[in-house]
Amino acid sequence: MLDKLMRKKTAMSEGLLSDRIANVKKGQIPAHVAIIMDGNGRWAKQRNLPRIAGHHEGMKTVRKITRIANDLGIEVLTLYAFSTENWKRPKLEIDFLMKLPGEFLSTYLPELIEKNVKVEMIGNVEMLPEHTKKAIRKAMEATKDNDGMTLNFAMNYGSRLELVEALKKIATLVDDGSLQVDDIDESIISSYLMTAHLPEPDLLIRTSGEVRLSNFMLWQLAYAELSFTSVLWPDFDEACMIQAMEEFQLRHRRFGSVEGEGTI
Ligand code: V07
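Nothing here was measured: the structure is a model prediction, and the numbers come from that model.

1. Let's talk about the layout of surface pockets
Logical step 1: Within this model, the largest pocket holds a volume of roughly 790 Å³.
Logical step 2: Grouping the amino acids of the lining of the largest pocket by side-chain chemistry returns 18 nonpolar, nine polar and seven charged.

In structure tokens, the structure reads:
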């Protein structure tokens, strides 16, 4: 059975991109795809370029992958753009990174509006520089009534801090008597996370060969399929995205049939 599926997979991987897209669209598309966009620095290093050149190239990939995710009918695409750990990087690199949202949106916002994409953000906005906040706020405002794909940027995001903040709010409710300890359940915790209004990711992709979650959506990824690829983020293209979808569908078909009818 697995052998048969693998042969089918190989055949599909070799097909034309347009055929593969059409094929994938016949199957189950993950509602929410989350991506850890890793490998930009390494991509630059391999070319003797400064790290920022890798970040800039990575931004072009964001555009490419947003387009294909929208074409595939993905409902939510969450991209880990800046972690709470990233503040430890050299100041010049951080300054460069903080300019990317403005640059990205100054050229791409009209297309996002036209394609009915809604821009959202998770993470601690307050700590970002004013010009970064302004660019993101403008994009969120301009797309707030769009009801197509949600393009959700995780900026200054860390999952444990998100959980700490959620638990503090819940503790306050218990403290003031509006919530009983016994009434705390998973759905209450979910409802105090920054992703409360979004479906949980069905698929996590991490590029660049690292096989870790790095404090990204720990609660939300409890049941997600995990897809790790050695491709560096600037090299991640439409074919890589389609491949991740094909693998997702193969796993789901397998689990949907006999094995793993449970949830493991
Ligand atoms: C960043 C490019 C992608 C690879 C990962 C690191 C560098 C797009 C954005 C962005 C963020 C918010 C927004 C619009 C665009 C971005 C940062 C880094 C900090 F509303 N790419 N990108 N932001 N990189």
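Having seen it, we continue.
2. Some points on the site of the ligand
Logical step 1: As a matter of local geometry, the ligand sits amid 16 residues, with His55, Leu97, Leu100, Phe104 and Phe153 nearest to it.
Logical step 2: When the ligand sits alone it has 500 Å² of accessible area, and the protein chains cover 98% of it.
Logical step 3: In a pocket analysis with a 2 Å cut-off to the grid points, the ligand is assigned to the largest pocket.
Logical step 4: Every element with two or more residues in the shell around the ligand is listed here: α4 (51-72), α5 (91-114) and β4 (150-157).
Logical step 5: Tallying contributions element by element places α5 first for the shell around the ligand, with five residues.
Logical step 6: A breakdown of the residues in the shell around the ligand according to their chemical character gives 13 nonpolar, three polar and no charged.

3. Here's the deal with the side chain of threonine 195
Logical step 1: Inspection of the secondary structure assignment puts threonine 195 in the loop between α8 (186-191) and β5 (203-206).
Logical step 2: At 2.8 Å, the side chain of threonine 195 and the side chain of glutamine 220 are in polar contact.
Logical step 3: Ignoring sequence-local partners within four residues, the contact set of threonine 195 consists of Ile122, Glu162, Met217 and Gln220.

4. Considerations on empty space enclosed by the protein
Logical step 1: In this structure the tally under the stated criterion is one cavity of 30 Å³ or more.
Logical step 2: Each pocket or cavity is described by its volume, and for the largest cavity that value is around 30 Å³.
Logical step 3: Lining the largest cavity, in full, are Thr66, Arg67, Asn70, Tyr108, Glu111, Leu112, Lys115 and Val117.
Logical step 4: At the level of elements, α4 and α5 are the ones that each hand at least two residues to the lining of the largest cavity.
Logical step 5: Across the lining of the largest cavity, the residue classes break down as three nonpolar, two polar and three charged.

5. Quick look at the packing of aromatic side chains
Logical step 1: Tallied over the entire structure, the rule returns seven aromatic pairs.
Logical step 2: Ring centres of tyrosine 80 and phenylalanine 216 lie 4.2 Å apart, and the angle between their planes is 20 degrees; this geometry places the pair in the stacked category. Placement of the pair is tyrosine 80 in strand β2 (residues 76-83) and phenylalanine 216 in the loop between β5 and β6 (225-228), with a sequence separation of 136 residues. Across the pair, exposure class does not vary: tyrosine 80 and phenylalanine 216 are buried alike.
Logical step 3: Members of the aromatic cluster, connected to one another through ring pairs, are Tyr80, Tyr157 and Phe216.

Rules and cut-offs
Residues numbered from 1 in each chain as written. Predicted model: local features only at pLDDT ≥ 70, side-chain atom pairs only at ≥ 80, totals over all residues. Heavy atoms only, no water. 1 Å grid on protein atoms, 1.4 Å probe; cavity = no way out; pocket = protein on both sides within 12 Å on 5 of 7 lines; lining within 4 Å. Points joined across faces, edges and corners; volume = space filled by probe spheres on them. Nonpolar A, V, L, I, M, F, W, Y, C, P; charged D, E, K, R; others polar. Near = heavy atom within 4 Å. Areas by Shrake-Rupley, 256 points an atom, 1.4 Å probe, with all protein chains shown as cover. Sits in = over half its atoms within 2 Å of the grid points. Helix = DSSP H or I, 4+ residues; strand = E, 2+ residues; numbered from the N terminus. Polar contact = N/O pair within 3.5 Å; in protein donor to acceptor, adjacent residues only side chain to side chain. Contact = heavy atoms within 4.5 Å. Phe/Tyr/Trp six-rings, centres within 6.5 Å; stacked < 30°, edge-to-face > 60°. Buried < 20%, exposed > 50% of the residue type's maximum accessible area, 1.4 Å probe, protein only.

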